[in-house]
Amino acid sequence: GAGVSQSPRYKVAKRGQDVALRCDPISGHVSLFWYQQALGQGPEFLTYFQNEAQLDKSGLPSDRFFAERPEGSVSTLKIQRTQQEDSAVYLCASSLDWNTEAFFGQGTRLTVV
Amino acid sequence: AQTVTQSQPEMSVQEAETVTLSCTYDTSESDYYLFWYKQPPSRQMILVIRQEAYKQQNATENRFSVNFQKAAKSFSLKISDSQLGDAAMYFCAYRSYLQGAQKLVFGQGTRLTINP
């Protein structure tokens, strides 16, 4: 596609539910990033993929958070047993390689009630 | 670890005037990149301008320019001839030059309002 596509745009989950957030990067982009942006804050790094390899997951806040990119294109961020503090916008970004500009999607706004 | 600080939560400027957004950062690295991103209500981060630390010349993109002071670890954004479409959240960000360390570290953001 023309840009990074994320779905759904909005997600409301009851506390304790599992959610899955999808990111379709720009075709051919090797690098893919996930960020978490709390209300009124700057984005914070969660995890990074190069092709299908998850090279950095140091930003994942707990073992309830899991990300995958099995075929080196689409990525899914999964949050198990959601908590209220997980409410945030989740941004995905992709870049052609490790040293080029990252392009962002419009994010998924997750609200846990 | 690197940190980025934006000390102005909100700024406002009259249309057609000039405004400067401040950013400071902390790092022990000598080579890195600095960025300014714009985030409108649509939430999509848009790259405004990029500066490589090894370049002494300040980056310029049309009405947007930076004042990069490496020794002071300061990276401010100047917007000239402000337009209504410039209203948004602006984030300063740092990225290491090292391969495998290319995550972006963002500041807290500055909300820019343009007054007609």
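Refer to the structure presented above.
Residues numbered from 1 in each chain as written. Chains lettered and ligands numbered in written order. Predicted model: local features only at pLDDT ≥ 70, side-chain atom pairs only at ≥ 80, totals over all residues. Heavy atoms only, no water.

1. Focus on the pairing of strand E7 (residues 65–68) of chain A
All names here are of chain A.
- Burial along E7 is one-sided: Phe65 and Ala67 are buried, while Phe66 and Glu68, pointing the other way, are not.
- Across four bridges, the pairing between E7 and strand E8 (residues 75–79) is antiparallel. Within the sheet, the bridge partner assigned to Glu68 lies in E8 and is Thr76.
- Between E7 and E8, which follow one another and run antiparallel, lie six residues, and Gly72 among them has a positive phi close to 75°. (Buried < 20%, exposed > 50% of the residue type's maximum accessible area, 1.4 Å probe, protein only. Helix = DSSP H or I, 4+ residues; strand = E, 2+ residues; numbered from the N terminus. Pairing = 2+ DSSP bridges.)

2. A short note on the interface of chain A and chain B
- Chain A puts 26 residues into the contact, and the matching count from chain B is 20 residues.
- For the pairing of chain A and chain B, the buried interface totals around 2000 Å² over both sides, and the portion due to carbon and sulfur atoms is 49%.
- Taken as a group, Trp98(A), Phe104(A) and Gln106(A) account for 32% of the area that chain A buries against chain B, more than any other trio of residues on that side.
- Viewed at the interface, chain B and chain A are joined by seven residue pairs in polar contact (both at pLDDT 80 or more). (Contact = heavy atoms within 4.5 Å. Buried area = accessible area lost by both parts, 1.4 Å probe. Polar contact = N/O pair within 3.5 Å; in protein donor to acceptor, adjacent residues only side chain to side chain.)

3. A look at the nonpolar core
- Residues Tyr25(B), Trp36(B), Phe75(B), Leu77(B) and Tyr90(B) are the most contacted members of the largest nonpolar core, which totals 26 residues.
- Those elements giving two or more residues to this core turn out to be strand E3 (19–21), strand E5 (32–39), strand E6 (46–52), strand E8 (64–69), strand E9 (74–79), strand E10 (88–96) and strand E12 (110–115) of chain B.
- When residues of this core are assigned to their parent elements, the largest contribution, four residues, is made by E10(B).
- Those residues within four positions of Tyr90(B) in sequence are excluded, and the remaining contacts are Gln6(B), Leu21(B), Trp36(B), Tyr37(B), Lys38(B), Val48(B), Phe64(B), Leu77(B), Ile79(B), Gly109(B), Thr110(B) and Leu112(B).
- Listed in part, the 20 residues of the second largest apolar core include Cys23(A), Trp34(A), Ile79(A) and Ala88(A). (Core = buried A, V, L, I, M, F, W, Y, C linked by side-chain atoms within 4.5 Å.)

4. Quick notes on the side chain of Gln39(B)
- Within the element layout of this structure, Gln39(B) appears in strand E5.
- A relative accessible area of 8% places Gln39(B) in the buried class.
- A distance of 2.9 Å separates a polar atom in the side chain of Gln39(B) from a polar atom in the side chain of Gln37(A).
- Apart from the residues within four sequence positions on either side, Gln39(B) is in contact with Gln37(A), Leu91(A), Gln44(B), Met45(B), Ala88(B), Met89(B) and Phe91(B).

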